[in-house]
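Residue-level structural notes
Each chain, written out:
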Amino acid sequence: MNNINMVKGKIHSYHTLTAIDGPGLRFLLFLQGCPLRCMYCHNPDSWLPEDFKEERAAEEILEMFNKYRKICSGGITISGGEPLIQRDFLSELVHLFRAEGIHTAIDTAGSIPLNDSMQLVADTDLFILDIKHSNTEKYHELTGGDLNITLSNAKLLSDSGKKMWIRYVLVPGITDDIEDIKKEAEIIAELNGVEKVVVLPYSTLGREKWKKLNYTYQLENVEPPTKELIEMTKKIFRDAGLPVSSGNS
Ligand code: SF4
């Protein structure tokens, strides 16, 4: 690959040995920048593109990965922020890793259209796609974004024969309406290639970061969902014939 043409990625952070963001033990890279503003975001410090920690070319990421290659045998997962916001860098990165025979996964809210990124789609083994709400208005209230973009991307991935894990964050009072969950189940059931559906219970993990950044955390009085609510949600998904994960991964 020609270094002169390489786009540098704006990096938020990286971790090794994550076991929940794709199959096997993995290298997890967080890219900087996100167009959404999810009320429960754990990483509000990843929102602004200019707040990146460092810039790296795809080949430099591969060099970093290679130091951990034996233990991160599952491959690489690229998350964010919203990794699709750095589409050119992301495309180079997955292309390079794929050429090296390394499993590639993208963890995304699908908030940026993929229809002109078919090479990126082809080079990615697994999409971990958040469908954060099934109702267009409530999706917008929760995230500031447009559900239709995510749904178009989900259909494109389904039609392209890609493997997907779908994630649903369960937030009491926001995503726990039974009809909304049933609708979510219907949406997912229409997709091909869904290997796993993960129900993620809302957690207050990001709250302190919001305060540090002087952002107003709107879920101050929201508690994590009860075990019963989590089980009820999973049952709705299971009853729709979906492959629901038993844990958080
Ligand atoms: S898509 Fe992810 S990074 Fe972006 S605001 Fe939502 S939770 Fe945060």
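Small disclaimer: the values here were computed from a predicted structure and weren't measured. (Residues numbered from 1 in each chain as written. Predicted model: local features only at pLDDT ≥ 70, side-chain atom pairs only at ≥ 80, totals over all residues. Heavy atoms only, no water.)

1. Re the environment of Cys-34
Rules: Strands are runs of DSSP state E lasting at least two residues, helices are runs of H or I lasting at least four, and both sets are numbered from the N terminus onward. Throughout this description, buried means an accessible area under 20% of the type-specific maximum (1.4 Å probe, protein chains only), exposed means over 50%, and partly exposed covers the range between.
By secondary structure assignment, the location of Cys-34 is in the loop between strand 2 (26-31) and strand 3 (54-57). Residue Cys-34 is classed as buried on the basis of its relative accessible area, which comes to 12%. Separated by 205 residues in the primary sequence, Cys-34 and Asp-239 have C-alpha atoms spaced 34 Å apart.

2. A short note on the site of the ligand
Rules: The nearness test applies per residue and asks whether one of its heavy atoms lies within 4 Å of the molecule or strand. Only Asp, Glu, Lys and Arg are considered charged, only Ala, Val, Leu, Ile, Met, Phe, Trp, Tyr, Cys and Pro nonpolar, and every remaining residue, Gly among them, polar.
Taken together, Cys-34, Leu-36, Arg-37, Cys-38, Cys-41, Ser-46, Trp-47, Gly-81, Ala-109 and Lys-132 are the residues near the ligand. Partitioning the shell around the ligand into residue classes produces six nonpolar, two polar and two charged.

3. Here we look at unusual backbone geometry
Backbone torsion omega between Gly-80 and Gly-81 reads 15 degrees, so that peptide bond is classified as cis. Looking at the secondary structure, you find Gly-81 in the loop between strand 4 (75-79) and helix 2 (87-99). Within the chain, Asn-214 stands out as a residue other than glycine whose phi angle is a positive 65 degrees.

4. Considering the pairing of strand 8 (residues 194-201)
The test is simple: Criterion used throughout: strands pair if DSSP finds at least two bridges between them. Handedness of a crossover is defined as follows: with both strands directed away from the viewer, a clockwise route from the first strand across the helix to the second makes it right-handed.
Here seven bridges tie strand 7 (residues 163-170) to strand 8, and the two strands are oriented parallel to one another. Following the sheet pairing, Tyr-168 is matched in strand 8 by Val-199. Handedness of the crossover is the feature at issue here: the chain leaves strand 7, passes through helix 6 (residues 178-189), returns alongside strand 8, and the resulting connection is right-handed.

5. Topic: the nonpolar core
Selection rule: To qualify as a nonpolar core, a set must consist of buried Ala, Val, Leu, Ile, Met, Phe, Trp, Tyr and Cys residues joined through side-chain atoms within 4.5 Å. We call two residues contacting when some pair of their heavy atoms lies within 4.5 Å.
Ile-61 and Phe-237 are the most contacted members of the largest nonpolar core, which totals 68 residues. Residue contributions to this core peak at six residues, all from helix 2. Setting aside anything within four residues of it in sequence, one finds Phe-237 in contact with Tyr-168, Ile-181, Glu-184, Ala-185, Ile-188, Val-197, Val-199, Leu-242 and Val-244.

6. Describing the pattern of salt bridges
As a reminder, the rule being used: Salt bridge, as used here, is a side-chain nitrogen of Lys or Arg placed within 4 Å of a carboxyl oxygen of Asp or Glu.
Tallied over the entire structure, the rule returns 18 salt bridges. Among the ionic pairs, Asp-180 bridges to Lys-138, the shortest N-O distance being 2.7 Å. Taken as a pair, Asp-180 in helix 6 and Lys-138 in helix 4 (residues 136-143) lie far apart in primary sequence, 42 residues in all. What makes Asp-180 buried here is its relative accessible area of 8%. Taking relative accessible area as the criterion, Lys-138 reaches 30% and is therefore assigned partly exposed. Linking Glu-220 and Lys-211 is a salt bridge whose minimum nitrogen-to-oxygen distance equals 3.8 Å. Taking relative accessible area as the criterion, Lys-211 reaches 42% and is therefore assigned partly exposed. Taken together, the salt bridges that share partners define one network made up of Asp-21, Asp-107, Asp-130, Lys-132 and Arg-167.

7. As for the sheet that holds strand 1 (residues 8-18)
Applied cut-off: Under this scheme, a helix contributes an axis fitted over its contacting stretch, all axes are lines through C-alpha atoms, and angles between N-to-C directions fall in the 0 to 180 degree range.
Spatially, eight strands are ordered 3-1-2-4-5-6-7-8 in an open sheet, and the strand pairing comes out mixed. Every interior strand has two partners, whereas the edge strands, strand 3 and strand 8, have only one. Averaged over all pairs of adjacent strands, the angle between their axes in this sheet comes to 30 degrees, without regard to strand direction. Relative to strand 2, strand 1 runs antiparallel, the two being bridged by six bridges. When the sheet's bridge partners are listed, His-15 is paired in strand 2 with Leu-28. Sitting on the sheet, helix 2 is in contact with strand 1, strand 2, strand 3, strand 4 and strand 5 (104-108), with an inclination near 150 degrees to strand 5.

8. Some words on the packing of helix 6 against helix 8 (residues 227-239)
Under the convention used in this document: Note on terminology: angles under 35 degrees are roughly parallel, angles over 145 are roughly antiparallel, angles of 65 to 115 are roughly perpendicular, and the others are oblique. For a crossing to be left-handed, the near helix must be turned anticlockwise from the far one by less than a right angle; the clockwise case is right-handed.
Here helix 6 crosses helix 8 at 40 degrees, and the two axes come no closer than 9 Å. The pairing of helix 6 with helix 8 is recorded here as oblique in orientation. For the pair helix 6 and helix 8, the sense of crossing is right-handed. Within the contact between the two elements, helix 6 uses Ile-178, Ile-181, Lys-182, Glu-184, Ala-185 and Ile-188 and helix 8 uses Met-232, Thr-233, Ile-236 and Phe-237. Residue composition of the contact of helix 6 with helix 8, grouped by class: seven nonpolar, one polar and two charged.

9. Looking at the packing of helix 1 (residues 58-67) against helix 2
Two numbers describe how helix 1 lies on helix 2: the axes approach to 9 Å, and their chain directions differ by 45 degrees. The angle between helix 1 and helix 2 falls in the class oblique. The element helix 1 and its partner helix 2 pack so that their crossing is right-handed. Note on element contacts: helix 2 touches helix 1 through Phe-89, Glu-92, Leu-93, Leu-96 and Phe-97, opposite Ala-58, Glu-59, Ile-61, Leu-62 and Phe-65. Taken together, the residues of the contact of helix 1 with helix 2 break down into eight nonpolar, no polar and two charged.

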